[in-house]
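# Geometric and topological summary
One letter stands for each residue in the lines below.
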Protein chains: 2
Amino acid sequence: MKISRSFSRFQLGDEEYEENYGKVIKSLLSTGEHKFFVATDPYGRYLGHVWVCLKIDTADFVPSAYIYGIETLFPGMGIGSALLKKAEEWAKRVGARKISLRVDVNNPARKWYAEKGYSERAVIMEKPL
Amino acid sequence: MKISRSFSRFQLGDEEYEENYGKVIKSLLSTGEHKFFVATDPYGRYLGHVWVCLKIDTADFVPSAYIYGIETLFPGMGIGSALLKKAEEWAKRVGARKISLRVDVNNPARKWYAEKGYSERAVIMEKPL
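The following refers to the structure shown. Predicted model only: the values in this text are computed from it and were never measured.

A few words on the interface of chain B and chain A. With 54 residues of chain B at the interface, the matching set in chain A holds 54 residues. Buried area between chain B and chain A, summed over both chains or domains, comes out near 5,600 Å², and the portion from carbon and sulfur atoms is 61%. Remark: the boundary between chain B and chain A carries 8 salt bridges. Between Arg121 of chain B and Glu126 of chain A there is a salt bridge, with the nearest N and O atoms lying 2.8 Å from each other. For the pair chain B and chain A, the interface holds 32 residue pairs in polar contact (both at pLDDT 80 or more). Residue assignment for the side of chain B that touches chain A shows that the elements contributing at least two residues are helix 1 (14-29), helix 2 (79-93), strand 4 (98-104), helix 3 (109-115) and strand 5 (119-128) of chain B. When residues in the side of chain B that touches chain A are grouped by element, the largest group, 10 residues, is from strand 5 of chain B. Here the residues of the side of chain B that touches chain A are counted per class, giving 28 nonpolar, 10 polar and 16 charged. Where strand 4 (residues 98-104) of chain A lies against strand 5 of chain B, 7 bridges are found, and the strand directions are antiparallel. Directly across from Asp104 of chain A, in strand 5 of chain B, lies its bridge partner Ala122 of chain B.

Conventions adopted
Residue numbers run consecutively from 1 along every chain, following the written order of its sequence. By the order in which they are written, chains take letters starting at A while ligands take numbers starting at 1. Owing to the predicted nature of the model, reporting of local features is limited to residues with pLDDT of at least 70; listing and counting of side-chain atom pairs is limited to 80 or more, with chain, interface and lining totals taken over all residues. Working from all heavy atoms in the structure, the side-chain values ignore hydrogens and water. The contact definition used throughout considers only heavy atoms, calling two residues in contact when any of these lie within 4.5 Å. Computed with a 1.4 Å rolling probe, the buried area is the accessible surface lost when two parts are put together, summed over both parts. In the sections that follow, a salt bridge refers to a side-chain nitrogen of Lys or Arg positioned within 4 Å of a carboxyl oxygen of Asp or Glu. Whenever a nitrogen or oxygen atom comes within 3.5 Å of another N or O atom, the pair is scored as a polar contact, on the condition that within protein one atom can donate a hydrogen and the other can accept it, and that pairs from neighbouring residues in sequence are kept only if both atoms are in side chains. The secondary structure listing takes helices from DSSP runs of H or I that are at least 4 residues long and strands from runs of E that are at least 2 residues long, numbered from the N terminus. Polar here means any residue outside two lists: the nonpolar Ala, Val, Leu, Ile, Met, Phe, Trp, Tyr, Cys and Pro, and the charged Asp, Glu, Lys and Arg; Gly therefore counts as polar. At least two bridges found by DSSP between two strands is the condition for calling them paired.

Following this line, the structure appears as structure tokens:
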């Protein structure tokens, strides 16, 4: 499982990054029911994956699915769409009432998710200290 | 500690709400270092509170503070501003590189936080299932 380092807006040394990355993964895995789907080609080679988690939503207090990561090796081939659909089907099957994800304000994926039926519910605001 | 039920967009029975509310609080408290500041009047009566948590950010991988709740009994008296300042000072003291919070897209507080120096970093998108 890889969370792209490119999202970070801070300069981090390799050691600090690895240590903090481990803490984040451990913390995310400590709550909820997790599922990973991997897309492969006919020869079993990796094409992409999605990481989805079922837990109780902090705003709506209903069982909700969160997409923690979705990555594909080759864009524009429908791999991401297939993975997203797979995550949504799993979420519905295990009782999620909605499915959520976080996307950076400038990330073009924002438009892609809107086309997939996702609407903007909340904003993450932040301030450097 | 009270998370306002008014944020929920789902109809929930009292029992389901209480059970899920407990799970959310337990889950939030299971990670990070938590601090609660309570504002009182000169007689020690409750005026408001802020709940802030220090943990590693999932996008930036640096120590970050999250405001999980901020509530005041009387708006427009500077209680919220004082609580926010208190949370920011604590966050800085314990090593947070930034401070974050989530606000619903239609919440007027979005403007209030912008005035306090917060900028919009990410969007929470969701889809009913």
